[in-house]
Each structure stands twice: as C-alpha cells, then as structure tokens.
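Below, each chain spelled out in residue letters.
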Amino acid sequence: MLGHDAVVIVSTNSEQKRNSDVTYPFRPDSNFWYLTGFIEPDAIAVFSKDSYVMFLRPKDETKEIWNGIRLGAELAPEILLVNQAYDIDTFFDHIDSFTKKGSAIYYDAPGGSGWKDHSSTNIHNKRIHSLFESRLKPLNPFVSEMRLIKDKEEIKNMQDAADLASEAHINAMKESIPGLFEHNIASVFDSHFRNGNSEHSYPPIVASGENACILHYTENNKELKNGDLLLIDAGCEINGYASDITRTFPINGKFNDAQREIYDLVLSAQKSAIQSIRPGVSSNKPHETACQIITDGLIKLGIMKSPEDLTKFYMHNTGHWLGLDVHDVGSKLVNGEFREFKSGMVTTVEPGIYIRRDDKIDPKYWGIGVRIEDDVLVTDKGNHVLSQKAAKEINEIEQLMSRQ
Ligand code: GLY
Ligand code: MN
Ligand code: MN
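Here the structure is a predicted model, which is why all the values come from computation and not from measurement.

What follows concerns the coordination of the manganese ion (ligand 2). At this site the manganese ion (ligand 2) is bound by D244 (OD), H320 (NE2), E350 (OE) and E373 (OE), with donor distances of 2.0 to 2.2 Å. Bound by six donor atoms, the manganese ion (ligand 2) shows angles of 51 to 155° at the metal and therefore irregular coordination geometry. All donors of the manganese ion (ligand 2) come from a single chain, and their spacing in sequence reads D-x75-H-x29-E-x22-E. In this structure, the manganese ion (ligand 2) lies 3.3 Å away from the manganese ion (ligand 3), the two metals sharing D244 as a donor. With E350 in the loop between β17 (346–349) and β18 (352–354) and E373 in the loop between β19 (369–371) and β20 (374–378), this pair connects stretches of sequence that are 23 residues apart. Taken individually, E350 and E373 each receive the classification buried, so the pair is uniform in this respect.

Another point: the side chain of E373. Buried within the structure, E373 lacks any salt-bridge partner; its nearest side chain of opposite charge belongs to R371, at an N-O separation of 4.5 Å. A distance of 2.7 Å separates polar atoms of two side chains, one belonging to E373 and the other to T246. Among residues more than four places away in sequence, those in contact with E373 are D233, D244, I245, T246, R247, Q270, H320, T348, V349 and E350.

A few words on the nonpolar core. F189, I232, I262, L298 and I353 are the most contacted members of the largest nonpolar core, which totals 64 residues. Those residues in contact with I232, other than ones at most four positions away along the chain, are H169, A172, I185, F189, I205, V206, I245, T246, R247 and F249. By size, the runner-up hydrophobic cluster in this structure holds 19 residues, among which are V10, F38, L71 and A85.

Bringing the pattern of salt bridges into the picture now. Tallied over the full model, the rule gives 22 salt bridges. The partner of E40 in a salt bridge is R57, with the nearest N and O atoms 3.2 Å apart. With E40 in the loop between α1 (30–36) and β4 (44–48) and R57 in the loop between β5 (51–56) and α2 (61–67), the pair connects residues that are 17 residues apart, well separated along the chain. Take R57: its relative accessible area is 15%, and that puts it in the buried class. Residue E350 is joined to R371 by a salt bridge in which the shortest nitrogen-to-oxygen separation is 4.0 Å. You can see E350 sitting in the loop between β17 and β18 and its partner R371 sitting in strand β19, a full 21 residues away along the chain. On the basis of relative accessible area, R371 is assigned to the buried category, the value being 4%.

Cut-offs used in this document
Residues numbered from 1 in each chain as written. Chains lettered and ligands numbered in written order. Predicted model: local features only at pLDDT ≥ 70, side-chain atom pairs only at ≥ 80, totals over all residues. Heavy atoms only, no water. Donors = N, O, S within 2.8 Å, 3.2 Å for Na, K, Ca; no water. Tetrahedral: all angles 85-135°; square planar, octahedral: opposite > 155°, others 65-115°. Helix = DSSP H or I, 4+ residues; strand = E, 2+ residues; numbered from the N terminus. Buried < 20%, exposed > 50% of the residue type's maximum accessible area, 1.4 Å probe, protein only. Lys, Arg positive; Asp, Glu negative; His and termini not counted. Salt bridge = Lys/Arg side-chain N within 4 Å of Asp/Glu carboxyl O. Polar contact = N/O pair within 3.5 Å; in protein donor to acceptor, adjacent residues only side chain to side chain. Contact = heavy atoms within 4.5 Å. Core = buried A, V, L, I, M, F, W, Y, C linked by side-chain atoms within 4.5 Å.

So this is what it looks like as structure tokens:
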C-alpha cells in the first residue's frame, strides 16, 4: 500500500506517572500492539519492504529485579520474529541506515489524535518529528483500514471479552438490592474482570436513578434507591480487544409502568437497529432506524411534540466501531458518504432515552435514563451479537432478579 521505498515507524508509549513514584498500569499503544504484539513500554518498530527492526529497552539487572523482566535485544529476533533488534537509546544512531534518502516515512505518534500530535508520551517522538518533519506522512489511515476488519483471532478475543462482560452484567443484576451503593455493584465488575485475567476497557458507568441522565457519569458512589433504575455501561479487554456493554434494570427487580414504557421503546429501537446490519448496508442505517422509532415512540407517549426535540432525550450516536480501542479507529465517512458495512467489522448498537426533570413532562418519567448497548459483528450473511449472553428482555431480567 505504501510504495517500494517507504518506511514505517511506529512507537509505543512510555509509562505514565500517577503520583510520586507510582505509575499507572501500562497499556500499549493500539497500533503498535496490532502491528507487533509487543507489550513493553518504550519501544519503536521500523518496517520497510524487506526488514522489521525493533528498538526496545535494554536488559538491566537492577531494573528487572525491581520492576520486572525485559525482553531485550538478544532474544527479540526469536520471540518477536524481527530481523534485528537494538537498544531504544541507539534509535537515532541507526535510523538513517533503514531509510533511503528522501523516501517517505509513515509515522504516527501514539495516542490516536493524529500524526501531528506532539503530546505523545514516547520519549523519542518529539525528536522523530523534528528530524524527519518534511518526509513524514500519516500512517493512521492505512492501519485504521486494516484494524476495521477483524480476522478470526481478533473475533475470538472480542467474543471472549463480550462473554466475560456479559457474565458480569448478569451477576450485577443478581446482586442489586435497594440500600447497596453504586460502588458495591461496580465491584462486581472489578472482581469478575480480574478473575478472568482481564481489565476494564474504559471507566465503568454505574448510574442509579437520575444519574443515568449524565452520559459519562463515573462517580459511582450513590445509594441504590428502591424504585429507581440502574444503568451500567461496563466492558473489559481480552488481549487488548474491548467489549462495551450497557444494561439498564430496576434496582428492586421489577420495572414500574413508566420505566417499562421507556425500556420497551429503547429495546425495540435497539433490536430494529441491529436487524438492519448486514454487508452492503450504510453504517448510518442503525442510527436512522433507532432515531425514527424513538421519535415516533416519544411523540406517542406525549413526552415529545415534534421530531426536532429528539436530541433533548437522545443526544448521542447509535454506535461506534469497536476493537483494540473502545471507540475504535476507522472513519465513518468515505468520500463524504457513510461507509457500508462489511463482513468482519464490529460496531456497538446503543440507543438510549434520558429524561431529566422538566415541568412540561409528566413527573412519572422524571429521572428515567435507559440505554441498551450490544457489540455486533458483521458476518457474510448478516450479523452476530457478541454480547447476546447479557439478558435484555424485560421478562428475562425480572426472572433473573426474582427473589423468592
Ligand atoms: N462506554 C462508552 C460508549 O458506550 O461509547
Ligand atoms: Mn459504546
Ligand atoms: Mn458503552
């Protein structure tokens, strides 16, 4: 794709300080992980048509005793299948020998905010920018296209991530009772993910009552009140691949009439949106489908007067690509048009309705926030819901939560 003389430089992050001498848990840059499978911090891979070179942290007895084993340059050819490997600190001594004079260099700073992003945390990024500035071309568009279509192994990781998170959502439904706190339910996910040798793929949202109307609520520390709903948006990562699942259920195990009306509407929008997904269909079709059903339903319930009011109650999109990043790479538009679905893409489908206090709306609906989110793989014939193990039918949820 890049031409004969092109060189690709792709770097991963450095560890980030949290406070004092404590660092955040390290998570590799997604493009670097995708292209190399190497999960140590402070590394740079250089690819050309016929060579693959890795620059990585040197072996260091003291640092390895304190902080863990490093692969090192000697073992890298055998383990990573690179042609050559060097100490990362010699990157600028070697890089000229891998690039032909004047040839294009495809490069992206990690962080995903584009190739001109100088804020990257890799110690060498600034210098790569200043050294090659006029020869640099963005790598992201090429890798994004590759990452958009998942192969068998990637799909297996995503299915495992969806299964683990679906189990945690079921456990949360079973554990919820009035009087507990949102953080008690958040701990159900922490525990289940850790037991599965996994991590959260993003900060979980455990939002009871009207907290569900705050889209990115992450305080997760309020008391669970009898009669309220609980909205949980939580997913995990397996070998870097994310799940992203939302379920909404009544804290006491039984939907009241107003909650049931709103839930039914979101569920029917979500199911129709999922049904619209198959190869060749516009990737905006699920959003159009969900918006139409929610608009008609909210007008029928007297909550909304005209279609223009929709964004007051449904203000986000119906889905995004999912993969190594929870909001995965891959543009929505190609030449100004919505991209068509292709087999191997994975998208979320996540319509919602959020009703804040408003004198113009019947108070029985105040504070109701419902979102239902599944992870959907596009297949040759249609689609497969990876997160189908997480119950979402009202009778299934009430059955799971019934306490004799
Ligand atoms: N959890 C983030 C999202 O649903 O997009
Ligand atoms: Mn999502
Ligand atoms: Mn989500």
